[in-house]
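Breakdown of the fold
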Amino acid sequence: MARSTRSTPDVTQPKLGPIGYLRWGWRQLTSMRTALFLLLLLAIGAVPGSVFPQRSLDPARTADWIARHETTGPTLDKLGAFEVYSSPWFSAIYLLLFISLIGCILPRTAVHWKALRSKPPRAPRRLARLEAHADGEVDGSLEEVRAAATAALRGRRYRVASHDDASVSAEKGYAKETGNLIFHTALVTLIIGVAVGHLWGWKADIVVPSGDSFVSTVTRYDTFAPGPLVDESTLSPFAIEVEEMTADFNDREPGAATFGQPRDFEAHVKVVEEDGNAFTDSVKVNHPLEMKGATVFLLGNGYAPVVTVKDKAGEVLYQGATPFLAQDGNYRSTGAIKVGAAKEQFGFVGLFLPTAFIDPDQGPISVFPDTKSPALAMSMYTGELYPDGRPQSVFTLDTASMEKVETKDGKDALRLWLQPGEGATLPDGKGTITFDGVERFAGFSVRHDPGKGLTLWSALAALAGLIATLTIKRRRVFVRLVQEGEVVRVDVGGMSKDDDEGLLEIVQEIRDELVGQSRTS
Amino acid sequence: MTNEMLAQNANYALASAALVITVAMLCYALYLAQAVPVREQATADAKVPATVGGGDSAEPGTTDPDEGGAAAEVVSETPARARKAAGIAQSLSWLGAALLLLSCIFRGLAVQRFPLGNLFEFSIAGAFFAMAVYCVATLRRDVRWLGVFVTAFVTLLLMVASTAWYVEADELVPSLKSYWLPIHVTVATLSVGIFVVGAIVSALYLMSDRGVGGERFWRKLPDAKSLEKFSYSLHIIGFPLWTFTLIAGAIWAREAWGSYWNWDPKEVWTFVIWTVYAAYLHARATKNTSRRTANWIAIAGFACIVINYTVVNFYFIGQHSYAQ
Ligand code: HEM
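Residues numbered from 1 in each chain as written. Chains lettered and ligands numbered in written order. Predicted model: local features only at pLDDT ≥ 70, side-chain atom pairs only at ≥ 80, totals over all residues. Heavy atoms only, no water.

Turning our eyes to something else, we now look at the nonpolar core. The biggest cluster of nonpolar side chains holds 118 residues, and the ones touching the most others in it are Leu100(B), Trp145(B) and Leu146(B). Here this core takes 15 residues from helix H7 (residues 180–210) of chain B, the largest share from any one element. Residues Val230(A), Leu289(A), Ile337(A) and Met378(A) belong to the second largest nonpolar core, which totals 54 residues. (Core = buried A, V, L, I, M, F, W, Y, C linked by side-chain atoms within 4.5 Å. Buried < 20%, exposed > 50% of the residue type's maximum accessible area, 1.4 Å probe, protein only. Helix = DSSP H or I, 4+ residues; strand = E, 2+ residues; numbered from the N terminus.)

Another aspect to go through is the site of the ligand. Near the ligand, the surroundings consist of 22 residues, among which Thr30(A), Ser100(A), Cys104(A), His184(A) and His282(B) are the closest. At the ligand, the nearby residues belong to more than one chain, namely chains A and B. Thr469(A) places a side-chain nitrogen or oxygen 3.3 Å from an oxygen atom of the ligand. Elements with a minimum of two residues in the shell around the ligand: helix H2 (32–46), helix H6 (88–117), helix H8 (174–200) and helix H9 (452–471) of chain A together with helix H10 (265–285) of chain B. With five residues, H6(A) is the largest single contributor of residues to the shell around the ligand. The class makeup of the residues in the shell around the ligand is 14 nonpolar, seven polar and one charged. (Near = heavy atom within 4 Å. Polar contact = N/O pair within 3.5 Å; in protein donor to acceptor, adjacent residues only side chain to side chain. Nonpolar A, V, L, I, M, F, W, Y, C, P; charged D, E, K, R; others polar.)

Further remarks concern the sheet that holds strand E2 (residues 159–164) of chain A. Residue and element names in this part refer to chain A. Pairing is antiparallel across the open sheet formed by five strands, whose spatial order is E1-E24-E23-E3-E2. Only two strands of the sheet have a single neighbouring strand rather than two, namely strand E1 (132–139) and E2. Each strand of the sheet is rotated relative to its neighbour by a mean of 20°, with strand direction disregarded. Of the strand pairs in this sheet, strand E23 (residues 475–484) and strand E24 (residues 487–496) are connected by 10 bridges, and their pairing is antiparallel. When the sheet's bridge partners are listed, glutamine 483 is paired in E24 with valine 488. Most of the contacts of helix H7 (residues 142–155) go to E23, to which it runs at about 165°, and overall it touches E1, E2, strand E3 (167–172), E23 and E24. (Pairing = 2+ DSSP bridges. Axes fitted to C-alpha atoms, helices over the stretch in contact; angles between N-to-C directions. Contact = heavy atoms within 4.5 Å.)

With that out of the way, let us pick up the sheet that holds strand E5 (residues 213–215) of chain A. Residue and element names in this part refer to chain A. With respect to topology, four strands assemble into an open sheet ordered E5-E7-E8-E9, the strand pairing being antiparallel. Unpaired on one side and paired on the other, E5 and strand E9 (278–284) mark the two borders of the sheet. Shown here is a sheet whose adjacent strand axes are inclined to one another by a mean of 25°, direction ignored. One ladder, built from 10 bridges, connects strand E7 (residues 239–249) with strand E8 (residues 262–272); its direction is antiparallel. Bridge pairing in E8 links alanine 247 to phenylalanine 265.

For the rest of this paragraph, the subject is the coordination of the iron atom of the ligand. Taken together, the protein ligands of the iron atom of the ligand are His184(A) (NE2) and His282(B) (NE2), with distances of 1.9 to 2.0 Å. Each of the six donor atoms bound to the iron atom of the ligand contributes to angles spanning 80 to 178°, and the resulting shape is octahedral. Of this pair, His184(A) sits in helix H8 while His282(B) sits in helix H10, placing the two residues on different chains. (Donors = N, O, S within 2.8 Å, 3.2 Å for Na, K, Ca; no water. Tetrahedral: all angles 85-135°; square planar, octahedral: opposite > 155°, others 65-115°.)

Turning our attention to the confidence of the model for chain A. Caution applies to low-pLDDT regions: their predicted coordinates should not be interpreted in detail. Residue and element names in this part refer to chain A. Summing up the model confidence of chain A, the mean pLDDT is 86 and the portion of residues at 70 or higher is 95%. The lowest-confidence element of chain A is helix H10 (residues 503–520), averaging 79 in pLDDT; the highest-confidence one is H9, averaging 95. Here residues 1–11 is modelled with pLDDT under 50, and outside its nearest four sequence neighbours on either side it reaches four contacts, counting other chains as well. (pLDDT = per-residue confidence, 0-100.)

Turning our attention to the pattern of salt bridges. Residue and element names in this part refer to chain A. In this structure the tally under the stated criterion is 22 salt bridges over all chains. Between arginine 156 and glutamate 513 there is a salt bridge, and its shortest N-O distance comes to 2.9 Å. Placement of the pair is arginine 156 in the loop between H7 and E2 and glutamate 513 in helix H10, with a sequence separation of 357 residues. Here glutamate 171 ties to arginine 474 by a salt bridge, and the two come within 2.8 Å at their closest N and O atoms. (Salt bridge = Lys/Arg side-chain N within 4 Å of Asp/Glu carboxyl O.)

Time to look at the interface of chain A and chain B. Contacts between the two partners involve 57 residues from chain A, matched on the other side by 58 residues from chain B. Of the roughly 4900 Å² buried at the junction of chain A and chain B (both faces included), carbon and sulfur atoms supply 65%. Contact with chain B buries area across many residues of chain A, yet Asn286(A), Leu470(A) and Asp499(A) alone supply 14% of it, more than any other trio. Measuring nitrogen to oxygen at the nearest pair gives 2.5 Å for the salt bridge that ties Arg254(B) to Glu290(A). Where chain A packs against chain B, one counts three residue pairs in polar contact (both at pLDDT 80 or more). Those elements that provide at least two residues to the side of chain A that touches chain B are H2, helix H3 (48–51), H8, E8, strand E11 (295–310), H9 and E24 of chain A. Grouping the amino acids of the side of chain A that touches chain B by side-chain chemistry returns 33 nonpolar, nine polar and 15 charged. (Buried area = accessible area lost by both parts, 1.4 Å probe.)

In structure tokens, the structure reads:
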């Protein structure tokens, strides 16, 4: 019950000291009204993140959006519209809610703890005033009827107490509040679980062509994003070899909307864990590989043309499967081959087309995602591959310090068009290139989230607590008895904190039981 | 049967369901038009000033001792024709629900997957669940007054779904292939079905409470306080189911995309809906917040559901975008 804070005009409010203000602030923050307000605010605050592209999800689209909206873009950026869920204002909302939540749970737990260990309260004087009421008369003595009432209520799993000879108090449904506290506490631990994952978790991406393998170390990954408290030296160095990467596309129903759409991807892997334990498994979408220190998800796939580059003397300069990045649903893929071992460095950029077709308007495209008629279309550059040793993507060539190679007659840029098994002689005595074949690659995301267990169990506990608190009814039933000569007048009253449609029925049931029972005796 | 035939049958079942439910709506409308204001007489003698309260009972005057009596009067006073119309409507509602279920099953057989892969299929399943929730409610209490509103909503939904949102039966992209899909989306759709009915009752409460458009009409329905309680009892079933949806969705997201929470637009809205309904329950439990405010929040929650299934699906780019 809210204490009345209204004061008469002639009584001056006591001045609040700093402690007083703190207390007042705390009480405001932990009130139900504030919780309600913050909940609604959280809902509203989450919305912009679904409207504007988010940097953490799609940095390219975000940059593009900002570029296209010259005035609003930068302003919205300052307001955190593109990083809503890590923006100060969004964090402020959930942190306040979090504090409010704790500030609400603690005192309620104390109150409930006490309630759990105390007797149901004394019966009100006039039970007829309660929400539910029934009465009757029965032959017998106070003692007998009181014993019967106690038994009837105990039988219904009420906690029963008598504060005097002529009344019985009973209460049931303590689990409602227990469930409620479990629910709110579980929300706190859930947030802690998320935070643990954030601070001590890491995620990494790596592209592995069929036949290749990798060892889980920070430097081996293409990208590595550790949480702030991750100790990178503690990564468990398991090794994974992709024995085969398979893909299945719908090629059976030409004309259907799903023609050419992927049906299934699967990476068959051989795993060697840190302790030497080796096994084979397959990683699929919806079927990650769970290991002790990390989980491996198959999130991407594509083609890696296998190319051999030799110098004039036939010495191999470059050989291997080079992943090309798919640009559309038919896997028109772009990539780069960097021949860093050559005396004068050179490289290739271009397209890989699994089912190549030269479109009069669009030029070389792919018309189907599977390798029905693969081709590699490339141009060649000579010069410095890694100017200033800057890091660069494996999928692109930094041509800033390079020069495009032209055909022998110098009229046009050199264009290579190779099908598997074909080769070409490179101009200026640079050697030869052959397109040996195509492998698929698996795009893995490797993640470690030490908080996920806590998060999941908290979520399930919250659900259980919620169901308990919403279904269980907290009921108090009182019985008052008055001896009037030979008969005992029986008053049964019930009260509930909730909307309780069944209360009257129970009260009447108990009345009937008491009155009926002693009549027969 | 071939797939095309199954898909065709799904559409026939859907068309029949739409027809049946439309007729049910007309019968319910007829019933409500002829129903005698049930509380006309009841209100006269029910307004015994019941000074209840004392201790920390929820609110004064919670019980209305004459409610039972008033309900009994409905039966005796409503013309036979209206009662017959309601009876027909009720049977048609069951039939309509069954046909919708049949349509879902045919669709599922035709595409050889769980038939909840796009907005069209969501709508049909959502319509089924809304009808089913209503039909189950008829078993437990007299909700004939509610029929016209639910069937009208469902009719509207079926119309929009089969014209604007219709898509041919087809397969799924790999990330949708998981046993979490049936679990997650079935429960989501079931809770949406419950929230639909809950929102309708909340809206009726808000109007009844103010006697929007004439007192007499509202007296044909249960009083505002009963409407409000009924709405609450629906919402407290829907909310845990939605909570489960959220959890199952997170588990599925981790399996499919590697992270249980990505703040993808669809996830954001599932969360927003959850938060708004949590706020509704809070508002209802907060002593100095009115029931009207609470029910407005419930309506806002439903508005978020509508946005989630329409605007978010079509306009916001995210990993769920294939659900169009
Ligand atoms: C993360 C934020 C929160 C969420 C999602 C949340 C959610 C809920 C839900 C769904 C209920 C409904 C259960 C019921 O009606 O019995 C509830 C009840 C309740 N919540 Fe919260 N809550 C949150 C924070 C808080 C805070 C900060 C407080 C403290 C001021 C609080 C106090 C209560 C109380 C007292 C009830 C019981 C109401 C009653 O049963 O009469 N909650 N909460």
